[in-house]
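# Coordinate inspection notes
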Amino acid sequence: MSHKTDQDQLLAEVLAEASPADFRAALLAATLRQARRRRQFRVARQVVGVLAVLGLLAVFLGHQFSRPPVAPSTPAGTIAKSARPQAGYELVRTRPLPAAALVGTRKLSVPSRGWSLAPVTEVVTTRGGYRLLNDNELLAMLVGKPAVLIRTSPQTEELVFANAEDQKLLLKN
Amino acid sequence: MPGAVPIEVLTAAMAQGDEAAFREFYAAYFDRLLRYLLVVTGGNEEAAREALQLALVRVVRHVKPFVAEDKFWSWLTVLARSALADESRKRRRYFAFLERFTRQPAPEPAAPSPGEADDQLHALLAAKLSALPADERLLLEQKYLLHQSVRTIADRQQTTEKAVESKLSRVRRKLKDALLGELKRTQPEARS
């Protein structure tokens, strides 16, 4: 046994004797499985990284292109923002409106003032200025106007005129 | 004991998770690592196998490109020893109450250097081979030194191949028991 490789071979077979038959194969399979999983994880991590960078880029570009274009000259009197806001502050420029665009007010002269007088009639009502008529007093008011007083219940009566015109005249007065 | 692939290529491919590289690594280092662990554990086969399993998991997890084979082998032995220590610690939890009674914690084994373990095992093998009966030693030499086929050996001994295979298996088993027994005797303080 001069060759070490021969000894190695013998040693390997001697030590493998009466060992679990599939120990080496099972361990290799487990190792390969683990290596595969780690490789897949690494690839997935790279893909996620690339996607994240692309996403950030897309958000940045979207933000850049969705900004409204700045008008070359802003209308007088409006607040003009600087085209490119700097980090930390925003430059704002103002200028006064032209006189034609201003609206003013002035005091009216005395002759041009007017007043209105409304004819107002005051009506005053007083409490208790009436009394209840009995049947005879009522019928006395109807002289020349044929009518009958019909008792419809112990508490209610109805006055019926022969001529409807007489009723209208009585109510008007 | 590097394989056919240069170590920097092999380890770089392993770091990339290349399965072929791991097969190559197994072919080159599995037996060597097991032998190393057998020496470190003082012939405790079960502990050596468990530590090897854990060490290989750590190889997959932490492997990086190495430019020199001896550095790679040193790294592997460190992983193997730390795996063995972790396994032993795990095992000791079950027997902690015994340690509390005896108050004699197991001493740390003297870890052999990466090259020492192999040399120690080869020396032991040579010693145990020479202690074998002549016919058994001859059989092993025919098979492993002269690389004769089982059929040739059987023809020379005028017996069957099955009988030769059976005898070879018996002698290998005997040699293994002798080797592991010697390791246990020479390193009684080793972890169990």
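Residues numbered from 1 in each chain as written. Chains lettered and ligands numbered in written order. Predicted model: local features only at pLDDT ≥ 70, side-chain atom pairs only at ≥ 80, totals over all residues. Heavy atoms only, no water.

### Re the overall build of chain A
Which entries qualify depends on this criterion: For the purposes of this entry, the term helix denotes a DSSP run of H or I that reaches at least four residues, the term strand denotes a run of E that reaches at least two, and both are numbered from the N terminus. The rule is simple: take the accessible area with a 1.4 Å probe, protein chains only, and divide by the maximum for that residue type; under 20% is buried, over 50% is exposed, in between is partly exposed. Here, two residues are considered to be in contact whenever any of their heavy atoms come within 4.5 Å of each other. Note on areas: Shrake-Rupley with a 1.4 Å probe; residue coverage comes only from the protein chains shown.
The helix and strand inventory of chain A stands at four helices and four strands. Going residue by residue from the N terminus, the α and β elements of chain A occur as α-α-β-β-α-β-β-α. Looking at chain A as a whole, 14% of its 173 residues are labelled buried. A sequence separation of at least 24 residues applies to 4% of the contacts in chain A between residues at least 6 apart. By element, 60% of the accessible surface of chain A is carried by carbon and sulfur atoms, the whole surface being about 14900 Å².

### Looking at the environment of Gly-17 of chain B
Along the polypeptide, Gly-17 of chain B turns up in the loop between α1 (7–15) and α2 (19–40). Along the chain, Gly-17 of chain B and Val-60 of chain B lie 43 residues apart, while their C-alpha atoms are 7.7 Å from each other. Dropping the residues within four chain positions of it, Gly-17 of chain B is found in contact with Ala-35, Arg-39 and Arg-42 of chain A together with Phe-22 of chain B.

### Section: the interface of chain A and chain B
We count it as follows: Accessible-area loss on putting two parts together, using a 1.4 Å probe and summing over both, is the definition of buried area adopted here. By definition here, a salt bridge exists when the distance from a side-chain nitrogen of Lys or Arg to a carboxyl oxygen of Asp or Glu is within 4 Å. Pairs of N or O atoms are called polar contacts if they sit within 3.5 Å, as long as, within protein, a hydrogen donor faces a hydrogen acceptor (for residues adjacent in sequence, only side-chain-to-side-chain pairs). Polar here means any residue outside two lists: the nonpolar Ala, Val, Leu, Ile, Met, Phe, Trp, Tyr, Cys and Pro, and the charged Asp, Glu, Lys and Arg; Gly therefore counts as polar.
Across the boundary between the two partners, chain A contributes 29 residues, which contact 40 residues of chain B. Roughly 3500 Å² of surface becomes buried between chain A and chain B when both sides are summed, with 63% attributable to carbon and sulfur atoms. Linking chain A with chain B are six salt bridges, by the criterion used here. Salt-bridge contacts for Arg-24 of chain A lead to Asp-31 of chain B; the nearest nitrogen and oxygen are separated by 3.1 Å. Inspection of the region where chain A meets chain B yields 18 residue pairs in polar contact (both at pLDDT 80 or more). For the side of chain A that touches chain B, the secondary-structure elements that each account for two or more residues are α1 (4–16) and α2 (23–65) of chain A. The element best represented in the side of chain A that touches chain B is α2 of chain A, accounting for twelve residues. Across the side of chain A that touches chain B, the residue classes tally to 13 nonpolar, six polar and ten charged.

### Comments concerning unusual backbone geometry
All names here are of chain B. Backbone geometry places His-147, a non-glycine residue, at a positive phi of 55°. With respect to the element layout, His-147 can be found in the loop between α7 (134–145) and α8 (150–157). The class of His-147 is exposed, set by a relative accessible area of 53%. Notably, Gln-158 is not glycine yet its phi reads approximately 55°, a positive angle. Here Gln-158 lies in the loop between α8 and α9 (161–186).

### Section: α1 of chain B
Residues of α1 of chain B that are buried include every one of Ile-7, Leu-10, Thr-11, Ala-13, Met-14 and Ala-15 of chain B, and no others. After α1 of chain B finishes, the residue Gly-17 of chain B shows a positive phi value of roughly 80°.

### Focus: the packing of α2 of chain B against helix α3 (residues 45–62) of chain B
Relative orientation and spacing of two packed helices are given, respectively, by the angle between their axes and the distance between those axes. Residue and element names in this part refer to chain B. Quick note on the threshold: Convention adopted: a line fitted to C-alpha atoms gives each axis, helices being fitted over their contacting stretch, and angles between N-to-C directions are expressed from 0 to 180 degrees. By the definition used in this description, the sense in which the near helix is turned from the far one sets the handedness, with an anticlockwise turn below a right angle giving left-handed and a clockwise turn giving right-handed.
Look at α2 against α3: their axes get within 10 Å of each other, and the N-to-C directions meet at 140°. Here α2 runs over α3; the crossing is right-handed. Residues Phe-22, Phe-25, Tyr-26, Phe-30, Leu-33, Leu-34, Leu-37 and Leu-38 of α2 form the contact with α3, whose participating residues are Glu-45, Ala-48, Arg-49, Ala-51, Leu-52, Leu-56, Val-59 and Val-60. Tallied by class, residues from the contact of α2 with α3 come to 14 nonpolar, no polar and two charged.

### Observations concerning the pattern of salt bridges
Enumeration according to the criterion identifies 22 salt bridges over all chains in this entry. Through salt bridges with shared partners, a single ionic network connects Asp-8 of chain A together with Arg-32, Arg-35, Glu-69 and Asp-118 of chain B.

### Examining the packing of aromatic side chains
To be explicit about the condition: Only Phe, Tyr and Trp rings take part, Trp by its six-membered ring, and two of them pair if their centres are within 6.5 Å. Stacked means planes under 30 degrees apart, edge-to-face means over 60, and tilted covers everything else.
Here the structure, examined in full by the defined rule, presents eleven aromatic pairs over all chains. A centroid spacing of 6.0 Å and a plane angle of 25° characterise the contact between Phe-72 of chain B and Trp-75 of chain B, whose relative ring orientation is stacked. With Phe-72 of chain B and Trp-75 of chain B both in helix α4 (residues 69–94) and three residues apart, this pair spans about one turn of that helix. Summarising the burial analysis for this pair, Phe-72 of chain B and Trp-75 of chain B share the class buried. An aromatic cluster is built from Phe-23 of chain A together with Phe-25, Tyr-26, Tyr-29, Phe-30, Tyr-36, Phe-66, Phe-72, Trp-73 and Trp-75 of chain B, whose rings are joined through pairwise contacts.

### Points about a nonpolar patch on the surface
Note the following rule: Patch members must show over 30% relative accessible area and no salt bridge, and they are joined within 9 Å when carrying like charges or within 5 Å when they are nonpolar side chains of Val, Leu, Ile, Met, Phe, Trp or Tyr.
A cluster of nonpolar side chains, Val-43, Val-47, Val-50, Leu-51, Leu-54, Leu-57, Phe-60, Leu-61 and Phe-65 of chain A, forms an exposed patch at the surface whose accessible area comes to about 900 Å². Position of Phe-65 of chain A among the secondary structure elements: in helix α2.

### Let's talk about the confidence of the model for chain B
This is how the line gets drawn: Scored from 0 to 100, pLDDT reflects the predictor's confidence in each residue.
The pLDDT averaged across chain B works out to 85; a share of 86% of its residues lies at or above 70. With pTM at 0.59, the complex prediction returns an ipTM value of 0.74.

### Overview of the pairing of strand β4 (residues 157–161) of chain A
All names here are of chain A. The condition is simple: Paired strands, in this sense, are two strands between which DSSP finds at least two bridges.
Across five bridges, the pairing between strand β3 (residues 147–151) and β4 is antiparallel. Within β4, the position partnered with Val-148 by the bridge is Val-160. The turn linking β3 back onto β4 is made up of five residues.

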